Amino acid sequence: MIGAFTVGKKAVKFGYKRYGIPGAIASGGLVLVGYVAVRRALKSQTNANDATLDSAIDAESIKSAVEEDGLQAVTDTQTLDDAINQDELNTPVDTGDVQSSVSEETEEFTDEGNEGQA
């Protein structure tokens, strides 16, 4: 599987090609935050080690979801099901628990964008 550095680097290149320097910063940052949030939530739910987590998380699916729907996409159950390879983990994963943990991790970033829309 692909690690956080590789995914962040690809997202930065994508954002730069599309929107210049601001796009590079935004897309790279959002994808990296999404990956880290899913990784932290999965680690807290399964107590898996770092090597197992890296092989269990499909970072490309997280990157695609964030690019299409923004950071809130990583809190979607379907995105989490696509991103987590449960066969790589030694314990079963309750996607609902992971979803709520990811929501807490990303809440500060998604709420800031919604403040002006009220």
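Scroll up for the structure.
Before going into details, it helps to say that this report is about the structure given with it. Predicted model only: the values in this text are computed from it and were never measured. (Residues numbered from 1 in each chain as written. Predicted model: local features only at pLDDT ≥ 70, side-chain atom pairs only at ≥ 80, totals over all residues. Heavy atoms only, no water.)

A word on the overall build of the protein. Along the backbone of the protein there are six helices and zero strands. Helices (α) and strands (β) of the protein occur, in sequence order from the N terminus, as α-α-α-α-α-α. In the protein, the share of contacts with a sequence separation of at least 24, taken over all contacts with a separation of at least 6, comes to 62%. Element-wise, carbon and sulfur atoms account for 48% of the exposed surface of the protein, whose accessible area totals about 6800 Å². (Helix = DSSP H or I, 4+ residues; strand = E, 2+ residues; numbered from the N terminus. Contact = heavy atoms within 4.5 Å. Areas by Shrake-Rupley, 256 points an atom, 1.4 Å probe, with all protein chains shown as cover.)

By the element assignment, Lys63 lies in helix H4 (residues 59-69). Of the residues examined, Lys63 reaches a relative accessible area of 11% and is grouped as buried. Ignoring anything within four residues of it in the chain, the contact list for Lys63 reads Val7, Lys10, Ala11 and Val31. (Buried < 20%, exposed > 50% of the residue type's maximum accessible area, 1.4 Å probe, protein only.)

The next subject is the pattern of salt bridges. A complete count under the given rule lists one salt bridge for this structure. Linking Lys63 and Glu67 is a salt bridge whose minimum nitrogen-to-oxygen distance equals 3.4 Å. One end of the pair, Lys63, and the other, Glu67, are both in helix H4, four residues apart, so they sit about a helical turn from each other. (Salt bridge = Lys/Arg side-chain N within 4 Å of Asp/Glu carboxyl O.)

To continue, consider the packing of helix H2 (residues 21-46) against H4. Orientation of H2 relative to H4, taken along the N-to-C sense of each, is 130 degrees, at an axis distance of 9 Å. Overall, the two elements H2 and H4 adopt an arrangement that is oblique. Read as a crossing pair, H2 and H4 show a hand that is right-handed. Contact residues: Leu30, Val31, Gly34, Tyr35 and Val38 in H2; Ala59, Ile62, Lys63 and Val66 in H4. Class assignment of the residues belonging to the contact of H2 with H4 gives a composition of seven nonpolar, one polar and one charged. (Axes fitted to C-alpha atoms, helices over the stretch in contact; angles between N-to-C directions. Parallel < 35°, antiparallel > 145°, perpendicular 65-115°, else oblique. Left-handed = near helix turned anticlockwise from the far one by under 90°. Nonpolar A, V, L, I, M, F, W, Y, C, P; charged D, E, K, R; others polar.)

Within soluble globular proteins, side chains that are nonpolar tend to cluster in buried spots. Within the largest apolar cluster, 24 residues are counted, with the highest numbers of intra-cluster contacts made by Val38, Leu42, Ile62, Val74, Leu89, Val98 and Val102. Secondary-structure elements contributing two or more residues to this core are helix H1 (4-19), H2, helix H3 (50-56), H4, helix H5 (77-83) and helix H6 (95-114). For this core, the element with the most residues is H2, which contributes six residues. Residue assignment places this core across two domains, with domain 1 (12-45) and domain 2 (49-89) each supplying three or more. Those residues in contact with Leu89 that lie beyond four places of it in its chain are Leu42, Thr46, Ala48, Thr52, Leu53, Ala56 and Ile84. (Core = buried A, V, L, I, M, F, W, Y, C linked by side-chain atoms within 4.5 Å. Domains from an automatic or database assignment.)

Functional significance is not addressed by these values, which are geometric in nature.
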